[in-house]
Amino acid sequence: MTLPLLVSYPLARSARTRARRIFAAGHHRQIEDPEVVRIQKARAWTAAVISCLILLVYGKPGDMAQAREEYWARLMATPWLLLLTAPVVGWLLFRWASPNARRVMRPRLRASGRLALWYFGALSLVPVLAALAAWSTAHLMPAVFGKSSVDVTTILLMPVITFVPWIPMIWVLLFVVFASGPAVRSAFNTAEAHPALPALLTGALVWEFMVISVATADLPPGPPLIQIGSLLGGPVSVTAVVWWEIHRMRIRHGVTLRG
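Residues numbered from 1 in each chain as written. Predicted model: local features only at pLDDT ≥ 70, side-chain atom pairs only at ≥ 80, totals over all residues. Heavy atoms only, no water.

(A) Highlighting a nonpolar patch on the surface. Nonpolar side chains collect at one region of the surface, where Val49, Leu53, Leu56, Val57 and Tyr58 lie side by side and expose about 500 Å² of accessible area between them. Residue classification places Leu53 among the partly exposed positions, given a relative accessible area of 47%. (Patch = residues over 30% accessible without salt bridge, like charges linked within 9 Å, V, L, I, M, F, W, Y side chains within 5 Å. Areas by Shrake-Rupley, 256 points an atom, 1.4 Å probe, with all protein chains shown as cover. Salt bridge = Lys/Arg side-chain N within 4 Å of Asp/Glu carboxyl O. Buried < 20%, exposed > 50% of the residue type's maximum accessible area, 1.4 Å probe, protein only.)

Have a look at this one:
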C-alpha cells in the first residue's frame with residue numbers, strides 16, 4: 001500500500017487545484033441576499049423534518065430504504081438533469097430578454113456551456129480510463145508474473161504494474177468529485193449570464209424530480225391527503241421561494257427577467 005498512499009495525496013491535490021481553478025467555488029449566486037439564504041435553509045430543514053415525521057408515523061419497514069435509494073439516485077442524476085434543463089431554461093430566458101441584454105448574455109452562456117462540457121467530458125472519461133487500466137493490468141500481469149521463477153525485481157514491480165495504469169483514471173475521478181459541488185451549486189456558472197438563472201433552474205429541477213419520482217417510485221406513505229401534500233409540498237414551496245427571490249432581485253437590485 002506504500003506506493004498508492006504516496007501517489008494518492010499529490011493526485012488528489014492536483015485534481016482539487018485544477019477543479020477549483022475551472023469551477024470557482026464562489027459563483028453560486030451573483031447577488032447574495034442573506035434573507036433569501038435564511039429562508040432557503042429554513043425551507044430545506046422544514047421539508048427534511050416533515051419527511052422524517054411522515055416516515056416515522058406512516059412508513060413501513062421498506063420505506064426508509066426506499067427513501068435512501070431515492071436520495072442517492074437524485075444526487076447522481078442531478079448533474080445529468082441539469083445538463084438537459086439548463087440549455088432549455090437559458091434559451092427561453094435569452095429569447096425573452098431585450099436585445100441589449102442578449103448581447104451581454106450570449107458570450108456568458110457560451111462560457112457556461114464550455115464549463116458543462118468540461119465536467120461531462122471528464123465524467124464520461126472515467127469509465128473509458130477504467131476499462132483501459134483494467135485491460136492493461138490484465139495483459140501485463142501474465143506477461144510479468146507468468147514466469148516459472150519470480151525474482152526480487154518481479155516482486156518490486158508488482159505494485160507498479162497493478163497501480164500505475166490506474167493513475168489517470170483516479171486523477172480524473174478525483175477531478176469530478178471536487179468539481180461536482182461547485183458545478184452543480186452554480187449550475188455551471190449560469191449566474192454570470194443572468195442573476196435569476198440559478199433560481200429558475202432550481203424551480204424547474206424540483207418539478208422534474210417530482211415527475212420522475214411519480215413515474216419510477218411509489219407514492220409517499222400515509223393517507224391520500226398526506227401523500228398529495230408530501231408529493232407537492234416540496235415543488236410548491238421551492239417555487240414560492242424562487243419567485244420570492246426573483247421578486248427581491250427586482251425591487252432591491254433592479255434585476256428583471258428581460259434585462
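(B) Expanded view of unusual backbone geometry. One non-glycine residue with positive phi stands out, namely Ala187, at about 50 degrees. Looking at the secondary structure, you find Ala187 in the loop between α6 (167–185) and α7 (197–216). Take Ala187: its relative accessible area is 4%, and that puts it in the buried class. Phi at Phe188 takes a positive value of approximately 60 degrees, unusual for a residue other than glycine. (Helix = DSSP H or I, 4+ residues; strand = E, 2+ residues; numbered from the N terminus.)

(C) Quick peek at the environment of Glu208. Relative to the helices and strands, Glu208 resides in helix α7. A sequence separation of 27 residues divides Glu208 from Pro235, and the C-alpha atoms of the two residues are 9.1 Å apart. Apart from residues lying up to four places away in sequence, Glu208 is in contact with Leu81 and Thr85. (Contact = heavy atoms within 4.5 Å.)

(D) Here's a closer look at the packing of aromatic side chains. Under the counting rule described, the total for this entry stands at eight aromatic pairs. Centre to centre, the rings of Phe23 and Phe175 are 6.3 Å apart; their planes meet at 55 degrees, and the pair counts as tilted. In this pair, Phe23 sits in the loop between α1 (2–22) and α2 (34–58) while Phe175 sits in helix α6, placing the two residues 152 residues apart along the sequence. A residue is classified by how much of its surface remains accessible, and Phe23, at 2% relative accessible area, is buried. We classify Phe175 as buried; its relative accessible area is 2%. Taking the centre distance of 5.8 Å and the plane angle of 55 degrees together, the rings of Phe120 and Phe188 count as tilted. Highlighted residues: Phe120 in helix α4 (residues 99–145) and Phe188 in the loop between α6 and α7, separated in sequence by 68 residues. (Phe/Tyr/Trp six-rings, centres within 6.5 Å; stacked < 30°, edge-to-face > 60°.)

(E) View of the packing of α2 against helix α8 (residues 224–253). The N-to-C vectors of α2 and α8 enclose an angle of 180 degrees; their axes lie 11 Å apart at closest approach. One element, α2, and the other, α8, form an angle in the roughly antiparallel class. In this structure, α2 uses Glu35, Val36, Ile39, Gln40, Arg43, Ile54 and Tyr58 to contact α8, whose residues at the interface are Ile226, Ser230, Gly234, Ser237, Val238, Val241, Trp244, Glu245 and Arg248. (Axes fitted to C-alpha atoms, helices over the stretch in contact; angles between N-to-C directions. Parallel < 35°, antiparallel > 145°, perpendicular 65-115°, else oblique.)

(F) Highlighting the environment of Pro182. With respect to the helices and strands, Pro182 occurs in helix α6. Along the primary structure Pro182 and Ala19 are separated by 163 residues, whereas in three dimensions their C-alpha atoms are 8.9 Å apart.

(G) Fine view of α2. When the terminal C-alpha atoms of α2 are compared, their 36 Å separation across 25 residues agrees well with the 36 Å that a helix rising 1.5 Å per residue should span. All of the buried residues in α2 are Val36, Ile54 and Leu55. Considering only its buried residues, α2 is in contact with α3 (63–96) and α8. (Expected span 1.5 Å × (residues − 1).)

(H) Seen up close, the nonpolar core. Counting residues in hydrophobic clusters, the biggest one holds 45 residues, and the most contacted among them are Phe23, Tyr119, Phe175, Phe188, Leu201 and Ile246. When contributions to this core are tallied by element, the ones reaching two or more residues are α1, α3, α4, α6, α7 and α8. Of the residues forming this core, the biggest block, ten residues, is contributed by α4. Not counting the four nearest positions on each side in its chain, Phe188 is found in contact with Phe23, Leu82, Ser112, Leu115, Ala116, Tyr119, Phe120 and Ala183. (Core = buried A, V, L, I, M, F, W, Y, C linked by side-chain atoms within 4.5 Å.)

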